[in-house]
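For reference, the chains in residue letters:
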Amino acid sequence: MSNNVGYHRSPYAVFSGPNLGYVMEMYEVFKVSPESVDAELAEMFRHFGAPVIDAGQQSEAIGAVAPADFSKVLSAYKLQDAIRTYGHLAADIYPLQDRPKDSTRIEASYYGLTDSDLQAMPASLFFTTIPPNVMHGLDAVNYLKTLYTGKIAYEFDHVIDEEERTWIQSKIEGGSVSTQLSVDDKKALLERLTKIEGFEKFIHRTFVGAKRFSIEGLDTLVVFLDELVRRSEEEKTKKMLIGMAHRGRLNVLTHILNKPYEMMFAQFAGVPDAPFLPTDGSLEVTRGWFGDVKYHMGALYTGETGMQRFLAYNPSHLEVVNPIITGQTRAAQENTSNPGVPEQDTNAAYAVLIHGDAAFPGQGIVPESFNYSRVRGFKTGGSIHVIANNMIGFTTEFYDSRSTHYSSDPAKGYEVPVLHVNADSPESVIAAASFAFEYRQKFGKDILVDLLGYRRYGHNEMDEPLVTNPVMYHSIHEHKTVRELYGAELVVENILTEDDVTKLDAQIIASMQDAYDKVKEHSSKTESISNATPEEVLAGYPRDLETGTSEANLRRINEELLTYPENFNVFGKLSRILKRREEPFNGKGKIDWAHAETLAFGTILQDGNPIRLTGQDVQRGTFAHRHLVLHDEKTGEELVPLHHISGSKASFVAYNSPLTEAGIVGYEFGYNLEDQKALSIWEAQYGDFSNMAQVMFDQFVSSSYSKWGQQSGLVMLLPHAYEGQGPEHSSARIERYLQLCAENNWTVANLSSAANYFHILRRQAKMLGDKSMRPLVIASPKSLLRHPLVGADISDLAEGHFETVLEQPGTGKNVDKVEKVLFASGKVAIDLAERVKDGTGFDHLHIVRVEQLYPFPSDKIEEIVSRYPNVKELVWVQEEPKNMGSWLFANNYIREIAGDKNVSYVGRIHRASPSEGDGESHKIEQNRILDEALKK
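Everything quoted here is computed from the prediction, not taken from an experiment.

Some points on the overall build of the protein
Okay, so step 1: Within the protein, the secondary structure is distributed over 32 helices and 25 strands.
Okay, so step 2: Counting only C-alpha atoms and orienting by the principal axes, one finds that the protein spans roughly 110 × 85 × 50 Å.
Okay, so step 3: Going through the 936 residues of the protein one by one, you find that 60% of them count as buried.
Okay, so step 4: Sequence separation of at least 24 residues holds for 80% of the intrachain contacts in the protein that already meet a minimum separation of 6.
Okay, so step 5: Accessible area of the protein: about 36,600 Å², with a carbon and sulfur share of 49%.

Quick look at the structure:
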C-alpha cells in the first residue's frame, strides 16, 4: 500500500471543463453579492475560498459531478473531515466494551448522502494518491472508517501546524500506523505477554496480601516500552528516561530495566536483594539508609548496545515526577564543558512519562510540564506521554473524576497529538509506540498515547472493588486477559496450538518458582538491613572549606564583565549602574549582593562547574539587581557577559522561567541529579511563592538521599525580608525548611553579608559531585541587596571561607560588661547593626549574626558565649511571628548551649498571618522589637 496517500483540503478538484468554469464564474458573483449565490455553493466558497485547481489533477476529476450536485460534494467533504475528526468516538478502543460508541457524525445519512451518491463520486475527491481497492467515493469512506474507528483512534485536528497534520494524516491513511509481525515475532510477543502476566500471578499467589499495584489490565504498557527501546536502539539514542507512578512499576523494573526476578522476590520476602544484583554492572540501583517501599524505587540499566534505560524514583504523588524526568533529560542532552550556552542534542536522550488516567487531568503539575515543553530553557525535543488508563481513579468513576470526554483532553490545549489505543490489542500498541517515537524524532514535540485498559484488582490487591464499582468489576471478572486473547488469536492463525499456549504459561511460572527457590535458599545466610544513618552522612561537609580567590583574578573578571562589544548598546541608565561596579576595585564603595554573586559565578565557571540559573525574571532579578543578561537598547540582541570570562571551562545560562514553581523546582532538581557537577539554582520571585512547590521540597529535595540514595546539590534562593510589604511578600516560610532538617540533609542559611553569599556559592560548587554534596536553601534579602552594611571589600572575597556566624563589630568589646548576647539572622541583624553603630552605649550586649541555621553552628556559638563570664541571658531576635521563622528551630540548640543562663525570645507574638498588612503598623512593631532587644 502506498505511504503517500494524501487528501484535498479543497473540493474543487472534482470539477473540470464547463463545471469548473461555472464554479469560477459563481465565485466572482459571490465576491460581490454572496446572497445571490446558491446557499450550498456559498457555504463552499466561505469554507474553502477561491476555486483553485492543480492542472495536473484535472484529468483525474473526470467531470463526474454535475453543477446541481454542489451540495453533495460539500457533504462528501464534511463526511470525510468528520471521519478524520470524530472517528475516535466510534473506535474500538475500550477492552471492556463498556462505553457507548458514537458513530452519528460519520454516517453518510447524517449529511444527506446515500451509498449511490458516494459511488457516483470519484475517489480523487478523498485522496491525492488513491489506495488499492478504492474504486469510488463509497470505497473511500469505508476505507477511512477502517483506519479511524479501529483499535487505534486519533485526535490531531487541534494541531495548528499544517505540516504536522499532513504528515500524521498521510501516515494513517498510508497504512503506516500498523505492525507486520512474522510468525516468530508473534510467538515472541506471546511469550513476553506471558512473562508480564506470569510475574503478577506468581506474586499474587506466593505473597498473599502484599501490595504490588499490579499492571494487570494494562500489560501491554510493557510491550509499548519494548517497542520504544527497539526504536531507540535503532536510532542510537543514548538514554531513555521513564517517569511513572506506582501502578505497574514492578513489572517495568523487571521487564524493561531487567531487574532480576530474584531481586524482586527477595524484596517481597523481606530479605536483602543485593546478593542477586547482576555482576556485569548492567544494572545500577541505589537505596537510602532509611529506604522506601519497593514500588517507589527506580533503577538504571545499560543494554548491550550501550543505551541506558532509567526509571525514576518516585513517591505516591503520581505526576510530580514529570518535571524531574524532563530536567534529567535536558541535562542528559547537554554538553556543558565549553563557555557559553550548552550544546544540546535532543536525540541523545528523551523522556517517557507514564500518567494515570485520573491524575492526568486532575493534577496541576501536568499542564505546568506541558507549558514549558517548548520553552527554550526547558525544551527537550519532545516527551512521549502514555496514559496508563485503568478507566478509574482508586474508587472514583470517570464522571466524578473530570469534566472532559477523555482523560487525555488537557493535552490538546498544547497542540499535542493524541492516539487512543485498545490495550487488549498488543500489535496495535506496538504500532502506536512506533508512530509516537517517529513523530517525536521528526517534529521535536510531545505526543500522547492514551492506552485504554482496565485494572484487574482494586487499587491495591487487598481492596474489594465490587463494593464501590460493581458493574465494572463484574465485567472485568468475566474478561479474558490480553495473554489469553492473543494466545487464542495465534491458535486461530494456526501459529500455535492451545496446548502450546498452556505449556508456555506453565514453563514461565516454573522459571519464577526456580528464582524464588534461590531466594529462599539464600535468605538464611543474609543479615537484616540497617536503617542507621551512615557515618559519612553524619560527618557532614568539610568545615571552613577555603573558597577565596586572588584579587587579581577578581579584578580581571570584573573588567571582562564590564567590557562589551563595540556595537552593543547597553541601556544608558543601566550602563551607569553597572559602571559603578568598578568603584570597589578603585578603593571606593562596597561590592553589593548581586555584584558578589556575579563574581562568584565567574570563578565557579573557571573551576569547571557549569551554572544554570532559572526562575521568574532571574535574568534581571525581581528587584532589578542582577542584570546577567543585557539587551541592546536598539536591536534587543542579548549579551551575557559571563560567556566571555577568560579561563572559563564550563557553560552558563540564566533563563527566565514560566510562571511555575512546582514544575521548575522539580526540573532543576532533576537537572542536577543527572549532571551533579552543575550548579543548578532556582530563585523564587518572592520567597513565599516557593510554597507552590512544597511537594518538591517535601518528597524530593529534602529526603531523596535518605529514601533513594540520590544526592542533589540544588540551590534555592528564596527572597525573605520584613519590610512592610504585607503578608505575601515578607516571609519565605523558612520555618518549613527548618522543620525538614535532619541527618545533614541540606543547608539552610539566612545571610546578611555579600561576602558570605560569595563564599557559600563557591563552597556549594566545590562540594558538587562529592559525598558531602547536599541542597542549599538561602533566605536571600530584598532591601539588603544594596545595603552598605551588607557590602563587601575585595579582600573579603579574596580571602577566607563561608562564616556560619558573624560577630557584630563594635559590640562585645568589654568582655566583663556583657550580660546579654543577642542572636539574629538575616535582615533583623542588619536592623540591629544600624541601631548600635560602633557599639557606643551598648557595652552590656554582644550581637551574633547566625548566617547558617542548619546545620546549626552550636560549636562556634558556644565558643563565643564562653568568652563572656557575666552573661545572664541569651536572646533570640527575629522579625517573624513566634510560631514562624527560626526561633522554634533554634530554641533547643540555644538552650543546650545556655546551661543555667536564661533563654528568651524577642519578636512578634504568635500570628496566623506572617506580617502586618500595612507599612506603618510594620514600622511600629519593628521598632518595638529592636527597642526590646537592645534594652539593658
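Don't stop here, the text continues.
Re the side chain of Glu164
Okay, so step 1: Topologically, Glu164 is positioned in helix H7 (residues 162–173).
Okay, so step 2: Residue classification places Glu164 among the buried positions, given a relative accessible area of 6%.
Okay, so step 3: A polar side-chain atom of Glu164 sits 2.4 Å from a polar atom in the side chain of Tyr439.
Okay, so step 4: Here Glu164 is in contact with Val159, Tyr439, Phe443 and Lys445, once residues within four sequence places are set aside.

Points about the nonpolar core
Generally speaking, a soluble globular protein has its nonpolar side chains buried in company with each other.
Okay, so step 1: In terms of nonpolar packing, the biggest core is built from 120 residues, with Leu228 and Phe265 touching the most fellow members.
Okay, so step 2: Top element by residues in this core is helix H15 (residues 426–443). It accounts for ten residues.
Okay, so step 3: Excluding its chain neighbours within four sequence positions, the residues that come into contact with Phe265 are Phe199, Phe202, Ile203, Phe207, Met512, Ala515, Tyr516 and Val519.

Re helix H4 (residues 70–86)
Helical geometry: 3.6 residues make up each α-helical turn, so side chains three or four residues apart lie on a common side.
Okay, so step 1: Taking 1.5 Å per residue, 17 residues should reach 24 Å; H4 reaches 24 Å between its end C-alpha atoms and fits that length.
Okay, so step 2: Among the residues of H4, Phe70, Val73, Leu74, Ser75, Ala76, Tyr77, Leu79, Gln80, Ala82, Ile83 and Arg84 are the ones counted as buried.

Regarding the side chain of His846
Okay, so step 1: As for its placement among the helices and strands, His846 is situated in strand S22 (residues 845–850).
Okay, so step 2: Looking at His846, the relative accessible area reads 2%, which means it is buried.
Okay, so step 3: One polar contact links His846 to Glu807, side chain to side chain, over a distance of 2.7 Å.
Okay, so step 4: If we ignore the near neighbours within four places in the chain, the residues touching His846 are Glu807, Gln808, Thr811, Gly812, Val818, Lys820, Val821, Leu822, Ile864 and Tyr868.

What to know about helix H20 (residues 551–561)
Okay, so step 1: For H20, the set of buried residues is Asn553, Leu554, Ile557, Asn558, Glu560 and Leu561. Buried residues along H20 cover an arc of 165 degrees about the axis, so they all sit on one side.
Okay, so step 2: Buried residues along H20 sit against helix H22 (593–606), helix H27 (754–767) and helix H28 (794–798).

A look at the pairing of strand S12 (residues 611–615)
A regular strand places its side chains on the two faces of the sheet in alternate fashion.
Okay, so step 1: Among the five residues of S12, five are classified as buried, and the element is accordingly described as predominantly covered.
Okay, so step 2: Residues of S12 alternate between two faces, with Ile611, Leu613 and Gly615 on one and Arg612 and Thr614 on the opposite face, all of them buried.
Okay, so step 3: Pairing of S12 with strand S15 (residues 652–656) involves five bridges; the strand directions are parallel. Pairing of Gly615 across the sheet is with Asn656, part of S15.
Okay, so step 4: Strand direction decides the pairing type here: S12 and strand S16 (residues 679–683), joined by five bridges, are parallel. Of the residues in S16, the one forming a bridge with Thr614 is Trp682.

Looking at the pattern of salt bridges
Okay, so step 1: The final tally for this structure, using the stated rule, is 51 salt bridges.
Okay, so step 2: Here Glu107 and Lys145 are joined by a salt bridge, their closest N and O atoms 3.3 Å apart. Highlighted residues: Glu107 in the loop between H4 and helix H5 (115–119) and Lys145 in helix H6 (residues 137–148), separated in sequence by 38 residues.
Okay, so step 3: Note that Arg376 is salt-bridged to Glu638, the shortest N-O span being 3.1 Å. Within this pair, whereas Arg376 is found in the loop between helix H14 (365–371) and strand S9 (384–389), its partner Glu638 is found in strand S14 (residues 638–639), the two being separated by 262 residues in sequence.
Okay, so step 4: Linked through salt bridges whose partners overlap, the residues forming this network are Glu197, Lys201, Arg483 and Asp505.

Re the sheet that holds strand S20 (residues 805–807)
Okay, so step 1: Strand order across the open sheet formed by five strands is S20-S22-S21-S24-S25, with mixed pairing between neighbours. Strands with a single pairing partner mark the edges of an open sheet, and in this sheet they are S20 and strand S25 (902–908). Across this sheet, the average inter-strand angle for adjacent strands is 25 degrees, counted without regard to direction.
Okay, so step 2: The strands that helix H29 (residues 827–836) touches are strand S21 (820–824), S22 and strand S24 (873–881); relative to S24, the one it contacts most, it runs at about 120 degrees.

Details of the pairing of strand S17 (residues 715–719)
Okay, so step 1: Within S17, five of the five residues are buried, which leaves the element mostly enclosed by the surrounding structure.
Okay, so step 2: Burial along S17 is two-sided: the residues Val715, Leu717 and Pro719 and Met716 and Leu718 are all buried.
Okay, so step 3: In this structure, S16 lies alongside S17, joined through three bridges in parallel fashion. Paired with Ile681 across the strands is Val715, a residue of S17.

Some remarks on the sheet that holds S12
Okay, so step 1: Pairing is mixed in the open sheet, where seven strands are placed in the order S15-S12-S16-S17-S19-S18-S23. Edge positions in the sheet fall to S15 and strand S23 (852–854), since each has one partner strand and no second. Neighbour to neighbour, the strand axes of the sheet diverge by 20 degrees on average, direction disregarded.
Okay, so step 2: In this structure, strand S18 (residues 747–750) lies alongside strand S19 (residues 776–780), joined through four bridges in parallel fashion. Each bridged residue has a counterpart across the sheet, and for Thr747 the counterpart in S19 is Leu776.

Points about the environment of Asn902
Okay, so step 1: Its location among the elements puts Asn902 in strand S25.
Okay, so step 2: Note on Asn902: relative accessible area 42%, which makes it partly exposed.
Okay, so step 3: Sequence spacing of Asn902 and Ala654 is 248 residues, and the spatial spacing of their C-alpha atoms is 48 Å.
Okay, so step 4: Among all residues touching Asn902, those that are not within four sequence positions of it are Lys872, Glu873 and Leu874.

A word on unusual backbone geometry
Okay, so step 1: Omega for the bond connecting Tyr854 with Pro855 falls within 30 degrees of zero, at -5 degrees, which places this linkage in the cis form.
Okay, so step 2: Tracing the chain through its elements places Pro855 in the loop between S23 and helix H30 (858–866).
Okay, so step 3: Here Phe213, not a glycine, exhibits a phi torsion of approximately 50 degrees, which is positive.
Okay, so step 4: Within the secondary structure, Phe213 is located in the loop between helix H8 (183–206) and helix H9 (220–234).
Okay, so step 5: Relative accessible area serves as the criterion here: at 5%, Phe213 is assigned to the buried category.

Regarding the packing of H4 against H6
Okay, so step 1: Contact geometry of H4 with H6 gives a least axis separation of 9 Å together with a crossing angle of 15 degrees. The angle between H4 and H6 places the two elements in the roughly parallel class. Handedness of the crossing formed by H4 with H6: left-handed. Of the residues in H6, those in contact with Leu79, Gln80, Ile83 and Arg84 of H4 are Val141, Leu144, Lys145 and Tyr148.
Okay, so step 2: Taken together, the residues of the contact of H4 with H6 sort by class into five nonpolar, one polar and two charged.

Examining the confidence of the model for the protein
Okay, so step 1: Summing up the model confidence of the protein, the mean pLDDT is 93 and the portion of residues at 70 or higher is 96%.
Okay, so step 2: Ignoring residues within four places in sequence, the model shows residues 1–9, a span with pLDDT below 50, making 44 contacts including any to other chains.
Okay, so step 3: Low confidence marks residues 55–64, where pLDDT is under 50. Its contacts with residues over four positions away, or in another chain, come to 20 contacts.

Looking at the packing of H8 against helix H18 (residues 498–523)
Okay, so step 1: Orientation of H8 relative to H18, taken along the N-to-C sense of each, is 50 degrees, at an axis distance of 9 Å. Taken together, the axes of H8 and H18 lie oblique to each other. Between H8 and H18 the crossing geometry is right-handed. Of the residues in H18, those touching H8 at Leu190, Glu191, Thr194, Lys195, Gly198, Phe199, Lys201, Phe202, Arg205 and Thr206 are Val501, Leu504, Asp505, Ile508, Ile509, Met512, Gln513 and Tyr516.
Okay, so step 2: In the contact of H8 with H18, the residues fall into nine nonpolar, four polar and five charged.

Quick word on the environment of Glu674
Okay, so step 1: Assignment of secondary structure puts Glu674 in helix H23 (residues 662–674).
Okay, so step 2: The sequence separation of Glu674 and Ala331 amounts to 343 residues, and the corresponding C-alpha distance is 5.9 Å.
Okay, so step 3: In this view, Glu674 contacts Lys239, Leu241, Gln328, Ala331 and Ala332; residues no more than four positions away in its chain are not counted.
Okay, so step 4: Side-chain polar atoms of Glu674 contact the side chain of Lys239, separated by 2.7 Å.

Cut-offs and rules
Residues numbered from 1 in each chain as written. Predicted model: local features only at pLDDT ≥ 70, side-chain atom pairs only at ≥ 80, totals over all residues. Heavy atoms only, no water. Helix = DSSP H or I, 4+ residues; strand = E, 2+ residues; numbered from the N terminus. Buried < 20%, exposed > 50% of the residue type's maximum accessible area, 1.4 Å probe, protein only. Contact = heavy atoms within 4.5 Å. Areas by Shrake-Rupley, 256 points an atom, 1.4 Å probe, with all protein chains shown as cover. Polar contact = N/O pair within 3.5 Å; in protein donor to acceptor, adjacent residues only side chain to side chain. Core = buried A, V, L, I, M, F, W, Y, C linked by side-chain atoms within 4.5 Å. Expected span 1.5 Å × (residues − 1). Arc of directions from axis to C-beta. Pairing = 2+ DSSP bridges. Salt bridge = Lys/Arg side-chain N within 4 Å of Asp/Glu carboxyl O. Axes fitted to C-alpha atoms, helices over the stretch in contact; angles between N-to-C directions. Parallel < 35°, antiparallel > 145°, perpendicular 65-115°, else oblique. Left-handed = near helix turned anticlockwise from the far one by under 90°. Nonpolar A, V, L, I, M, F, W, Y, C, P; charged D, E, K, R; others polar. pLDDT = per-residue confidence, 0-100.

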